[in-house]
Amino acid sequence: MAKKKVMALILSAALAVTALAGCGEAREGSANAAADASAAAESTEAGSDEGAAADESAAAGAGFEADATIGVSLPWLGTQNWKEAETMFTEQLTEAGFKPIVQAADQKVPQQQQQIESMIENGAKVIVVGPIDGTQLGSVLEKAKSSGVYVIGYDRLIENTEAVDGVVQFGSVRTGELQGQALLDGLKAQKGEGPYNVELFGGGPADPNAPNFFKGAMSVLQPEIDAGNIVIVSGQTDFTQCATEDWDNAKAQKRMDSLLAGNYSDKEIDGVLSPNDGIGRAIITACEDAGQPNPVVTGLDAENESVEWVWQGKQYCTVAKPTQDLVAKSIEIIKSLQEGSGMPATDVSTNNGKIDVPIYELDPVVVTKDNAKEVFANDPDRMALLK
Ligand code: BGC
């Protein structure tokens, strides 16, 4: 049953990729080639574009054993999406015939570096990485590349290094735009005429997604702030002021407590931009504790508890970015590499400070009480929460 679903997902993803074939070949070639060049010549610089282009055909044909070791390095297990990824990668890589090593690093960069190091030592052919800090894995990933290992970023961009072949993720600026728009829609639907009193939260500043989520949201909210329709009562509108170190819900709750104590003793708060569900629930709890009426609060991940809160009207919305889709896409790429077909083509890329990284981008979806049943129609576990 689960396997069928995965196969269907892989098949439809494969069709989408076929439809895109031909776009972005140059970029794709150079990324593949980087991997293969490094595999072929340990001592040569893996990322050199010229060397890469020359080696491309050899690279695409190489492949590796069907029962190869595949490493998956996750940043932590503090939100539901990463726990789901841990389970799904372990089960689905095993089902696909590979030997998975799946590890999470508890938000500690040196621990993640060591785990990747040991995946290389254990002969992993591909390492899938959700970095704690997008900029801190350069040297260990360069070591992976020079051992001929493919490196795929998972959910988060890997920054400032040539040692990445591609990244599988939901559009991060797009996610933020959806959050900003949903906040605005919720305010209009639930809080009457503006101006609205609002506060802003961002995610962990080391995570490359967090500034992008914030940027996307502000592209929608800033014009409303400029027009006076939204008032940020605390005046805190910079990402650095609004970020939540390590995506730590307790820190977000503390910040919300002090924003309420310092700015809202004589006013109601109408809405709060939250970058994910855990932080959203912390914000809602702080408002409850302060005796505030329930503000419009956004989220991300469609975590079980937040799906229930959305259904009960306690959290206005979440954004679904299904882990099963990200994992299916990652495994599709791993199979392509195993068969010797190289990285699939994609027409999206992002500059990571060093190279244009091919991005395999999926679409996030806003979930409110109104569309929850539609969005989760094929997700029996979440459907069961809508009662
Ligand atoms: C992920 C979110 C997650 C957050 C904290 C982000 O990079 O995209 O899904 O909530 O990290 O774990």
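All values derive from a computational prediction rather than experimental measurement.

**Q** With reference to specific residues and values, describe the packing of helix α10 (residues 249-263) against helix α11 (residues 277-289).
**A** Across the interface, α10 lies against α11 with an axial gap of 8 Å and an inter-helix angle of 35 degrees. For the pair α10 and α11, the sense of crossing is right-handed. Note on element contacts: α11 touches α10 through G278, I279, A282, I283, T285, A286, C287 and D289, opposite N249, A252, Q253, M256, D257 and L260. Across the contact of α10 with α11, the residue classes tally to eight nonpolar, four polar and two charged.

**Q** Please give an account of the pattern of salt bridges that cites residues and values.
**A** Within this structure, the stated rule accounts for 16 salt bridges. Across the pair R382 and E84 runs a salt bridge, and its minimum N-O distance is 2.8 Å. Within this pair, whereas R382 is found in helix α15 (residues 380-383), its partner E84 is found in helix α4 (residues 80-95), the two being separated by 298 residues in sequence. R382 sits in the buried class, given a relative accessible area of 8%. Overall, E84 belongs to the buried group, its relative accessible area being 16%.

**Q** Before we move on, could you go through the confidence of the model for the protein and cite the residues and values that matter?
**A** Mean pLDDT for the protein: 88, with 84% of residues reaching 70 or above. Averaged over each element, pLDDT in the protein is lowest for helix α2 (residues 25-40) (37) and highest for strand β8 (residues 271-273) (99). Here residues 1-59 is a poorly scored stretch, pLDDT under 50, and it has 71 contacts once near neighbours within four places are set aside; other chains count.

**Q** Any details on the site of the ligand? Residues and values, ideally.
**A** Taken together, 13 residues sit near the ligand, with D155, R156, D207, D301 and K321 positioned nearest. D207 is positioned such that a nitrogen or oxygen atom in its side chain is 2.6 Å from an oxygen atom of the ligand. Protein coverage of the free-state accessible area of the ligand, which is 310 Å², stands at 100%. Those elements that place two or more of their residues in the shell around the ligand are α4 and α8 (209-226). For the shell around the ligand, the class distribution of residues is four nonpolar, four polar and five charged. Taken domain by domain, the makeup of the shell around the ligand includes at least three residues from each of domain 2 (69-164 + 325-362) and domain 3 (172-321 + 369-376).

**Q** Which residues make up the sheet that holds strand β7 (residues 230-232), and what values do they have?
**A** Overall, parallel pairing links the four strands, which are arranged β7-β6-β8-β9 in an open sheet. Across the chains shown, the open sheet's two edge strands, defined by having one partner strand only, are β7 and β9 (296-297).

**Q** Can you explain helix α13 (residues 323-338)? Please cite residues and give values.
**A** For α13, with 16 residues, the first-to-last C-alpha span of 22 Å sits near the 22 Å given by 1.5 Å per residue. Counting buried residues in α13 gives 14 out of 16 residues, a clear majority hidden from the surface. Of the residues one or two after α13, G340 is the one with positive phi, at around 90 degrees.

**Q** Please set out the sheet that holds strand β4 (residues 150-154) residue by residue, giving values where relevant.
**A** In a beta sheet, neighbouring strands pair by backbone hydrogen bonds and run either parallel or antiparallel. Across the sheet, which stays open at both edges, the seven strands sit in the order β2-β1-β3-β4-β5-β12-β11 with mixed pairing between neighbours. Every interior strand has two partners, whereas the edge strands, β2 (99-104) and β11 (348-351), have only one. The average undirected angle you get between the axes of adjacent strands in this sheet is 25 degrees. Pairing analysis gives four bridges linking β11 to strand β12 (residues 356-362), with the strands arranged antiparallel.

**Q** How would you summarise unusual backbone geometry if you had to cite specific residues and measurements?
**A** A cis geometry characterises the amide bond from G194 onward to P195, with omega recorded as -5 degrees. Tracing the chain through its elements places P195 in the loop between α7 (172-190) and β6 (196-200). With a phi angle near 70 degrees, D155 is a residue other than glycine that sits in the positive phi range. Positionally, D155 belongs in the loop between β4 and β5 (166-170). The exposure class assigned to D155 is buried, which follows from its relative accessible area of 5%. Positioned with a positive phi, W247 is a non-glycine residue whose angle comes to about 55 degrees.

**Q** Describe the nonpolar core, listing the residues and the values that go with them.
**A** Counting 72 residues, the largest nonpolar core has F89, V126, Y154, L200, I230 and M256 as its most contacted members. The leading source of residues in this core is α8, at eight residues. Here this core spans two domains, and each of domain 2 (69-164 + 325-362) and domain 3 (172-321 + 369-376) adds at least three residues to it. Setting aside residues no more than four positions away along its own chain, M256 makes contact with F201, I269, V272, I283, A286 and C287. One finds I127, V149, V164 and I359 within the second-largest nonpolar core, a separate group that totals 19 residues.

Calculation notes
- Residues numbered from 1 in each chain as written.
- Predicted model: local features only at pLDDT ≥ 70, side-chain atom pairs only at ≥ 80, totals over all residues.
- Heavy atoms only, no water.
- Axes fitted to C-alpha atoms, helices over the stretch in contact; angles between N-to-C directions.
- Helix = DSSP H or I, 4+ residues; strand = E, 2+ residues; numbered from the N terminus.
- Left-handed = near helix turned anticlockwise from the far one by under 90°.
- Contact = heavy atoms within 4.5 Å.
- Nonpolar A, V, L, I, M, F, W, Y, C, P; charged D, E, K, R; others polar.
- Salt bridge = Lys/Arg side-chain N within 4 Å of Asp/Glu carboxyl O.
- Buried < 20%, exposed > 50% of the residue type's maximum accessible area, 1.4 Å probe, protein only.
- pLDDT = per-residue confidence, 0-100.
- Near = heavy atom within 4 Å.
- Polar contact = N/O pair within 3.5 Å; in protein donor to acceptor, adjacent residues only side chain to side chain.
- Areas by Shrake-Rupley, 256 points an atom, 1.4 Å probe, with all protein chains shown as cover.
- Domains from an automatic or database assignment.
- Pairing = 2+ DSSP bridges.
- Expected span 1.5 Å × (residues − 1).
- Core = buried A, V, L, I, M, F, W, Y, C linked by side-chain atoms within 4.5 Å.

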